[in-house]
Amino acid sequence: MNEGMDHTPLTRDFFDRPVQEVAPDLLGRILVRNTDQGPIELRLTEVEAYAGKVDPGSHAFRGRTARNSVMFGPPGHAYVYFTYGMWHCLNLVCGPEGRASGVLLRAGEIGVGAEMARKRRFSARHDRELAKGPARLATALDVDRALNGVDAVGCPQGPLSVLQGAPPPRDQVRSGPRTGVGGEGAHQPWRFWIDGDPTVSPYRAHVPRRRPT
């Protein structure tokens, strides 16, 4: 995975743009998770955009809360949330400060540090499954709420950083509805992925929860 990769860190200006621009532009970039045991490098292959107050699928649709406050900026920080009582998910905040938006990191290919990821994702049958899905990605990279609010562009030696990597050609980028999003936000084509990449997670439509009878 390291061949042809540019390890120059991305700047804050990269993230200080509309989320619909940042999300597809993150494909092919390298996310670095620096741990006490060494770095883990992941090439992003699938992401989803969430656009704050104009997006019913976003955590920030109804305004600022203690949980989502990181989404309001500054851009380039990590937003980590806990879901289903057992999983964490990692997002990167983007857009102008004060206007919430973020990109959910859904999947990627782990190169450097794969042996560390395997220990955390011991149920993965193949390396392509180590970070295939947002909860698996966070688990493989040892991401939890302790990283919520961490600056991913201010310090390359910090817990998280994002490098230039090797973006795919535009004709290899696909888009479609976001996974598991229901209601008015269900049909926004704000999920982006690299066509044919084996680490991309399968699409799953939202399934409404049954109300008890």
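Note that residues are indexed from 1 along each chain, following the sequence as it is written. Per-residue local features are limited, in this predicted model, to residues with pLDDT of at least 70; the limit for side-chain atom pairs, both in listing and counting, is 80 or more; totals at the level of whole chains, interfaces and linings are taken over all residues. With hydrogens and water set aside, each side-chain value is computed from the structure's full complement of heavy atoms.

Put simply, DSSP marks the helices as runs of H or I at least four residues long and the strands as runs of E at least two long, and each gets a number from the N terminus on. Tallying secondary structure elements over the protein chain gives four helices and nine strands in all. Sequence-ordered secondary structure for the protein chain, helices as α and strands as β, is β-α-α-β-β-β-β-β-α-α-β-β-β. Values of the radius of gyration come from C-alpha atoms, whereas the globule rule sets the reference at 2.2 Å times the count of residues to the power 0.38. In summary, the protein chain has a C-alpha radius of gyration of 16 Å against a globular reference of 17 Å for 213 residues, a match within 12%. Expressed along its principal axes, the backbone C-alpha trace of the protein chain runs to roughly 50 × 40 × 35 Å. Throughout this description, buried means an accessible area under 20% of the type-specific maximum (1.4 Å probe, protein chains only), exposed means over 50%, and partly exposed covers the range between. Burial statistics for the protein chain: of 213 residues in total, 52% are counted as buried.

In plain words, nonpolar cores are sets of buried Ala, Val, Leu, Ile, Met, Phe, Trp, Tyr and Cys residues tied together by side-chain atoms within 4.5 Å. The biggest cluster of nonpolar side chains holds 44 residues, and the ones touching the most others in it are Phe15, Leu26, Leu90, Val103, Leu105 and Ile110. At five residues, strand 3 (residues 38–50) tops the list of elements feeding residues into this core. In terms of nonpolar packing, the next biggest core, distinct from the first, is built from 12 residues, Val70, Met71, Cys89 and Val93 among them.

Let us now look at the packing of aromatic side chains. Ring geometry is summarised as follows: Phe, Tyr and Trp rings, the Trp one being its six-membered ring, pair when their centres sit within 6.5 Å, and such pairs are stacked at plane angles under 30 degrees, edge-to-face over 60 and tilted between the two. For the structure on display, the rule yields two aromatic pairs. A centroid spacing of 5.0 Å and a plane angle of 75° characterise the contact between phenylalanine 14 and phenylalanine 15, whose relative ring orientation is edge-to-face. The pair formed by phenylalanine 14 and phenylalanine 15 is uniform in burial state, with each residue classed as buried. Relative to tyrosine 81, the ring of tyrosine 79 lies with its centre 5.7 Å away and its plane at 40°, an arrangement referred to as tilted. In terms of burial, tyrosine 79 and tyrosine 81 fall into one category: buried. Distance and angle both matter: a charge sits over a ring if NZ of Lys or CZ of Arg is within 6 Å of the ring centre and within 35 degrees of the ring normal. Taking NZ or CZ as reference, arginine 17 lies 4.7 Å from the ring centre of phenylalanine 14, over its face. Sitting above the plane of the tryptophan 193 ring, arginine 191 keeps its charged end 4.3 Å from the centroid.

In this section: the layout of surface pockets. Within this scheme a cavity is a closed region of a 1 Å grid, computed over the protein atoms alone, that accommodates a 1.4 Å probe without allowing it to escape, whereas a pocket is open but has protein on both sides within 12 Å along at least five of seven lines; lining residues each have an atom within 4 Å of a point. Grid points are joined across faces, edges and corners, and a volume is the space filled by probe spheres set on the points. By volume, the largest pocket amounts to about 1200 Å³. What lines the largest pocket is a set of 33 residues, and nearest its centre among them are Thr83, Tyr84, Arg106, Thr179 and Gly180. When grouped by side-chain class, the residues that make up the lining of the largest pocket number 14 nonpolar, 12 polar and seven charged. Roughly 280 Å³ of internal volume is contained in the second largest pocket. Taken together, 18 residues form the lining of the second largest pocket, with Ala51, Val54, Arg99, Ala100 and Ser101 sitting closest to its centre. Classification convention: Asp, Glu, Lys, Arg as charged; Ala, Val, Leu, Ile, Met, Phe, Trp, Tyr, Cys, Pro as nonpolar; all other residues, Gly among them, as polar.

Within the element layout of this structure, arginine 29 appears in the loop between helix 2 (19–25) and strand 2 (30–35). On the accessibility criterion, arginine 29 (7% relative accessible area) is buried. In terms of polar contacts, arginine 29 uses its side chain to reach the backbone carbonyl oxygen of aspartate 25, at 2.8 Å. Two residues qualify as a contact provided that any one of their heavy atoms is within 4.5 Å of a heavy atom in the partner residue. Those residues in contact with arginine 29 that sit more than four places away from it in its chain are Leu10, Phe14, Leu42, Arg43, Leu44, Val162, Leu163, Gln164, Gly165 and Pro167. For this analysis, a polar contact is any N or O atom pair within 3.5 Å, provided that within protein one partner can donate a hydrogen and the other can accept it, and provided that sequence-adjacent residues contribute only side-chain to side-chain pairs.

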